[in-house]
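What follows is the residue order along each chain.
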Amino acid sequence: MSKEVKAQVVVLGGGPGGYSAAFRAADLGLETVIVERYSTLGGVCLNVGCIPSKALLHLAKHIEDAKHTGAQGIDFGAPKIDLDKIRQHKENVIGQLTGGLSQMSKLRKVKVVTGVGEFASDKQLKVTDNDGQVTVVNFEHAIIAAGSQSIKLPFVPHDDERVWDSTAALELRYIPERMLILGGGIIGLEMGCVYSALGAKVDVVEMTEQLIPPADKDIIKAFTKSISKKFDNIMLNTKAAKVEAKKDGIYVTFEGDKAPEKPVKYDAVLVAVGRAPNGNKIGAENAGIKVSDRGFIEVDKQQRTNVSNIFAIGDIVGQPMLAHKAAHEGHVAAEVIAGKKHYFDPKLIPSIAYTDPEVAWAGLTEKEAKAQGIEYEAAVFPWAASGRAIAQGATDGFTKLLFDKNNRIIGGAIVGSNAGELLGEICLAIEMGCDAEDIALTVHAHPTLHESIGMAAQIFEGSITDLP
Ligand code: FAD
């Protein structure tokens, strides 16, 4: 016997897109149901993504910082690492946040139905729980927020417990003596920083000519120079051609510019080659929803699919696969359903690698500006000229702003300590349509790292001509 539930809005998936949409819909007075297969809300981001990785990166940063104070007169000695306590700390952080979401959904009277959801039609979602019990949700509107999952490679033995995806890497099963990060994108590099700080020797293999391919070359050149001190071997223009699980290790054969001659033995391999959307796993065809071969669901600027009462948001609708994009799209979908005229049309979606050092960019990159034929000029402030960076041993960084022919800021990027936090000012400047003078005339506190943004604008304006 199946149960029946009625909803003005059903949200499929309880990640940052899904819960943001559901809470907004409930706040606007709509009777809302979230369908989530796991027992906690928060999705990838809170449970196995953004939050646990940042909890571990925070600890890794302490270890790295403590390594470098010896030369300045304070020696902390080698860190004593208790993996059980670290795991507990990470679980506490997740628990605090997912517990908060559960409270927030109760406060708003958002009903959570636990189980795997599949569309039965454009008015019905069938939810099956772990015991095979079925709940049918009869809905007026649906918001699909079913997210994405790690991509698996056909030549990799993913069932071997020494071959990890990001979720397995976050479990901190053990600290491998030697580890390979397969894929030089943000997720792999963040985990590489964690394991390197915990004592693993880390290699990275990346098929293209640079780490973090979407970011600009100059930014990544500075980043790679700095991160090379932490990682053993960064193999660019190189690919893993064969991965074999043997009793004594995972053997990887490489091909390309930096390929070692013989297979290399690793104690763990993290496969971080991107994420694939879950569009083909939700019975979309039963509701007539168009899904691309790769599993993405096409939407318009109001997040509406080709079926007029069904919306989609977050990773499942396309790149960039980021939590803040999902949440904003969620608000738009909920507001449109509630009758508001609202569009998802931001000037920028910021990207941040929370590595050490961090890499952050927003608006147009130089690559994008060139591809779009936009005339621009870049202004760069190197942190080697920043008093604050010198005082805290962070001179590896730099700040870059891009201005169009009307001197309006169209993009910006930072590599260095806390780049992700510093990026906020650039995001606001782009969204508000600031020009170089607005930024240059803003009094930035001294000595700060955000001063570098004001300085870059002053360099562009010509009010600073020489740097120390
Ligand atoms: P998800 O968070 O994937 O949520 C989808 C939810 O739907 C899941 O809970 C899933 O269980 C549920 N679901 C799926 N199918 C069904 C079904 N059929 N029935 C019921 N439930 C279903 N982004 C950032 O912005 N900043 C970061 O620092 C960052 N770090 C990351 C680190 C890692 C290791 C990873 C893997 C990702 C990271 N991301 C980060 C990306 C971020 O997690 C995603 O972009 C974000 O979670 C997408 O949100 P979403 O709501 O679209 O989907």
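Notes on the structure in this doc start here. These figures come from a predicted structure and were not determined experimentally.

Quick look at the site of the ligand
The immediate surroundings of the ligand are formed by 38 residues, with Glu36, Arg37, Lys54, Gly117 and Asp315 found nearest. The contact in question runs from an oxygen atom of the ligand to an N or O atom on the side chain of Arg37, over 2.8 Å. Residue Met321 places a main-chain N or O atom 3.2 Å away from an oxygen atom belonging to the ligand. Considering the ligand on its own, with 990 Å² of exposed area, one finds that the protein chains cover 95% of that surface.

Some words on the nonpolar core
The tendency in soluble globular proteins is for nonpolar side chains to be buried side by side. With 43 residues, the main nonpolar core has Tyr195, Leu211, Ile212, Phe223 and Val359 as its most contacted residues. Residue contributions to this core peak at six residues, all from helix H6 (residues 186–197). When residues no more than four places from it in sequence are discounted, the contact partners of Ile212 are Gly184, Ile186, Leu189, Ile220, Phe223, Ala353, Val359 and Trp361. Counting residues in each nonpolar core, the second largest holds 30 residues, with Ile409, Leu422, Ala436 and Ala456 among its members.

Considering the pairing of strand S2 (residues 32–36)
For S2, the buried fraction is high: five of the five residues fall into the buried class. In the sheet, strand S1 (residues 3–12) pairs with S2 via four bridges, with the strands oriented parallel. Each bridged residue has a counterpart across the sheet, and for Val10 the counterpart in S2 is Val33. Read as a crossover between parallel neighbours, the route from S1 over helix H1 (residues 16–27) to S2 is right-handed. Note that S2 and strand S3 (residues 111–114) share four bridges and pair parallel. Opposite Val33, over in S3, you have Lys111 as the bridge partner.

Looking at H6
For H6, with 12 residues, the first-to-last C-alpha span of 17 Å sits near the 16 Å given by 1.5 Å per residue. H6 sits mainly inside the fold: 10 of its 12 residues count as buried. Along H6, the residues that are buried comprise Gly188, Leu189, Glu190, Met191, Gly192, Cys193, Val194, Tyr195, Ser196 and Ala197. Downstream of H6 by a residue or two, Gly199 has a phi angle that is positive, lying close to 120°.

Let's talk about the pattern of salt bridges
Taken as a whole and judged by the stated rule, the model has 19 salt bridges. We note a salt bridge from Lys400 to Asp218, for which the minimum N-O separation is 3.0 Å. Here Asp218 lies in helix H7 (residues 217–227) and Lys400 lies in strand S21 (residues 398–404), a separation of 182 residues in the sequence. Residue classification places Lys400 among the buried residues on the basis of a relative accessible area of 2%. Classification of Asp218 by relative accessible area gives partly exposed; the value is 27%. Between Lys265 and Asp248 there is a salt bridge, with the nearest N and O atoms lying 4.0 Å from each other. Residue Lys265 is found in strand S14 (residues 264–266), and its partner Asp248 is found in the loop between strand S12 (238–246) and strand S13 (249–256); the two are separated by 17 residues along the sequence.

Criteria and cut-off values
Residues numbered from 1 in each chain as written. Predicted model: local features only at pLDDT ≥ 70, side-chain atom pairs only at ≥ 80, totals over all residues. Heavy atoms only, no water. Near = heavy atom within 4 Å. Polar contact = N/O pair within 3.5 Å; in protein donor to acceptor, adjacent residues only side chain to side chain. Areas by Shrake-Rupley, 256 points an atom, 1.4 Å probe, with all protein chains shown as cover. Core = buried A, V, L, I, M, F, W, Y, C linked by side-chain atoms within 4.5 Å. Buried < 20%, exposed > 50% of the residue type's maximum accessible area, 1.4 Å probe, protein only. Helix = DSSP H or I, 4+ residues; strand = E, 2+ residues; numbered from the N terminus. Contact = heavy atoms within 4.5 Å. Pairing = 2+ DSSP bridges. Right-handed = clockwise from strand over helix to strand, strands pointing away. Expected span 1.5 Å × (residues − 1). Salt bridge = Lys/Arg side-chain N within 4 Å of Asp/Glu carboxyl O.

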